[in-house]
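The primary structure of each chain is shown beneath.
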Amino acid sequence: MYKLYYAPGTCALASHIALEEAGADYKAVRLDFKSNQQSSPEYLAINPKGRVPALVTEHGVLTETPAILAFIAQAFPQAKLAPLGDAFKFAEMQAFNSYLCSTVHVAHAHKMRGHRWATEESSFADFKRMVPKSVGAGFALIERNMFRGPWVMGEAYTICDPYLYTLGTWLEGDSVDVSTLPKVMAHRKRMLERPAVRKVVEAEKA
Ligand SMILES: N[C@@H](CCC(=O)N[C@@H](CS)C(=O)NCC(=O)O)C(=O)O
């Protein structure tokens with residue numbers, strides 16, 4: 001059985017949804033960020049990065065959302081969560097997820113985690129002020145150039161969809177004007193029509 005370490009409201013939601021969509025046998029293990037459980041010696045022994053998600057598999061522990069999502073898609077081919085037989089399409093999907101991981105998520109992190117990049121209090125305030133603009137720019141590009149519809153990659157639902165959905169749930173908190181993102185917002189709604197998505201969202205709330 002797989003074990004997914006997560007915390008509510010985090011990027012781990014994407015992997016959680018993908019496991020559910022894949023019909024995987026898994027257990028979701030919640031970490032309490034308020035008590036900094038992600039930095040406890042017990043968790044650092046599992047994931048020395050001190051972050052979620054971490055997926056414990058029979059082969060070892062996987063971290064980094066794009067890697068976990070690609071693993072799930074390949075480990076459960078019957079779930080059809082990726083174009084497994086097409087190297088170019090698979091790479092396009094990875095390009096989308098890499099953009100979310102390395103650009104959009106990192107822009108968002110400047111709101112709460114400024115200490116990763118600076119020491120001055122004034123820098124943190126500046127980082128925070130920039131978030132609506134930097135996260136907004138990432139999503140504007142997705143809205144304008146990257147999102148195909150009705151799913152991220154077009155007609156087929158892929159592992160890009162739970163990831164976009166997850167980062168999309170942060171938009172209002174990041175003070176991004178969501179009225180400028182009609183496709184992204186319609187996608188967010190469309191995702192909630194999927195039983196697996198609703199199940200995981202409810203489970204993370206409980
Ligand atoms: N690049 C990683 C980022 C993981 C990450 O930063 N996770 C956040 C939650 S969204 C976290 O665990 N933060 C805890 C901390 O910084 O202490 C991924 O995509 O999986």
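Keep in mind that what you see is a predicted model, and the values were worked out from it rather than measured.

Draft legend 1. Looking closely at the side chain of His 108. Tracing the backbone shows His 108 in helix 4 (residues 87-109). What His 108 contacts, discounting residues up to four positions off in sequence, is Val 131, Val 135, Trp 170 and Asp 174.

Draft legend 2. Spatial organisation of the environment of Pro 77. Inspection of the secondary structure puts Pro 77 in the loop between helix 3 (65-75) and helix 4. On the basis of relative accessible area, Pro 77 is assigned to the partly exposed category, the value being 43%.

Draft legend 3. Spotlight on the site of the ligand. Taken together, 15 residues surround the ligand, and among them Gln 38, Arg 51, Val 52, Glu 64 and Arg 116 come closest. Taking Arg 116, its side chain carries an N or O atom lying 2.8 Å from an oxygen atom of the ligand. Protein burial of the ligand: of its 520 Å² of free accessible surface, 87% is covered by the chains. Residues of the shell around the ligand, tallied by class, amount to six nonpolar, five polar and four charged. Residues from two domains meet in the shell around the ligand; each of domain 1 (2-80 + 198-205) and domain 2 (87-194) gives at least three.

Draft legend 4. Here's a closer look at the side chain of Asp 174. Within the fold, Asp 174 resides in the loop between helix 6 (160-168) and helix 7 (182-191). Among the residues examined, Asp 174 registers a relative accessible area of 2% and is labelled buried. Excluding residues that lie within four positions of it along the chain, Asp 174 makes contacts with His 108, Lys 111, Val 131, Pro 132 and Val 135.

Draft legend 5. Highlighting the packing of aromatic side chains. Scanning the model with the defined rule gives five aromatic pairs in all. Between Tyr 5 and Tyr 43, the aromatic rings sit 5.4 Å apart at their centres with planes inclined by 55 degrees, giving tilted as the arrangement. Taken as a pair, Tyr 5 in strand 1 (residues 2-6) and Tyr 43 in helix 2 (residues 41-46) lie far apart in primary sequence, 38 residues in all. There is no split in this pair, since Tyr 5 and Tyr 43 are both buried. In this structure, Arg 194 is placed above the aromatic ring of Trp 151, and the distance from its NZ or CZ to the ring centre is 5.2 Å. Positioned over the ring face of Tyr 157 is Arg 194, at 3.4 Å from the centre of the ring.

Draft legend 6. Molecular detail of the domain arrangement of the protein. By the assigned domains, the protein splits into domain 1 (2-80 + 198-205) and domain 2 (87-194). Using only C-alpha atoms to locate each centre, domain 1 and domain 2 end up separated by 19 Å. With 20 residues of domain 1 at the interface, the matching set in domain 2 holds 18 residues. Both faces combined, the contact of domain 1 with domain 2 buries some 1,600 Å², and carbon together with sulfur accounts for 63% of it. If you look at where domain 1 meets domain 2, you find one salt bridge. Remark: the boundary between domain 1 and domain 2 carries seven residue pairs in polar contact (both at pLDDT 80 or more). Among the secondary structure elements, those contributing two or more residues to the side of domain 1 that touches domain 2 are helix 1 (12-22), helix 3 and helix 8 (195-205). For the side of domain 1 that touches domain 2, the leading source of residues is helix 3, giving six residues. Taken together, the residues of the side of domain 1 that touches domain 2 sort by class into 10 nonpolar, five polar and five charged.

Draft legend 7. Examining the packing of helix 1 against helix 3 more closely. For the pair helix 1 and helix 3, interaxial distance at closest approach is 10 Å and the crossing angle is 0 degrees. The orientation of helix 1 with respect to helix 3, classified from their angle, is roughly parallel. Every residue of helix 3 that contacts helix 1 at Ala 14, Ser 15, Ala 18, Leu 19 and Ala 22 is listed here: Thr 65, Ile 68, Leu 69 and Ile 72. A per-class count over the contact of helix 1 with helix 3 returns seven nonpolar, two polar and no charged.

Calculation rules
- Residues numbered from 1 in each chain as written.
- Predicted model: local features only at pLDDT ≥ 70, side-chain atom pairs only at ≥ 80, totals over all residues.
- Heavy atoms only, no water.
- Helix = DSSP H or I, 4+ residues; strand = E, 2+ residues; numbered from the N terminus.
- Contact = heavy atoms within 4.5 Å.
- Buried < 20%, exposed > 50% of the residue type's maximum accessible area, 1.4 Å probe, protein only.
- Near = heavy atom within 4 Å.
- Polar contact = N/O pair within 3.5 Å; in protein donor to acceptor, adjacent residues only side chain to side chain.
- Areas by Shrake-Rupley, 256 points an atom, 1.4 Å probe, with all protein chains shown as cover.
- Nonpolar A, V, L, I, M, F, W, Y, C, P; charged D, E, K, R; others polar.
- Domains from an automatic or database assignment.
- Phe/Tyr/Trp six-rings, centres within 6.5 Å; stacked < 30°, edge-to-face > 60°.
- Lys NZ or Arg CZ within 6 Å of the ring centre and 35° of its normal.
- Buried area = accessible area lost by both parts, 1.4 Å probe.
- Salt bridge = Lys/Arg side-chain N within 4 Å of Asp/Glu carboxyl O.
- Axes fitted to C-alpha atoms, helices over the stretch in contact; angles between N-to-C directions.
- Parallel < 35°, antiparallel > 145°, perpendicular 65-115°, else oblique.

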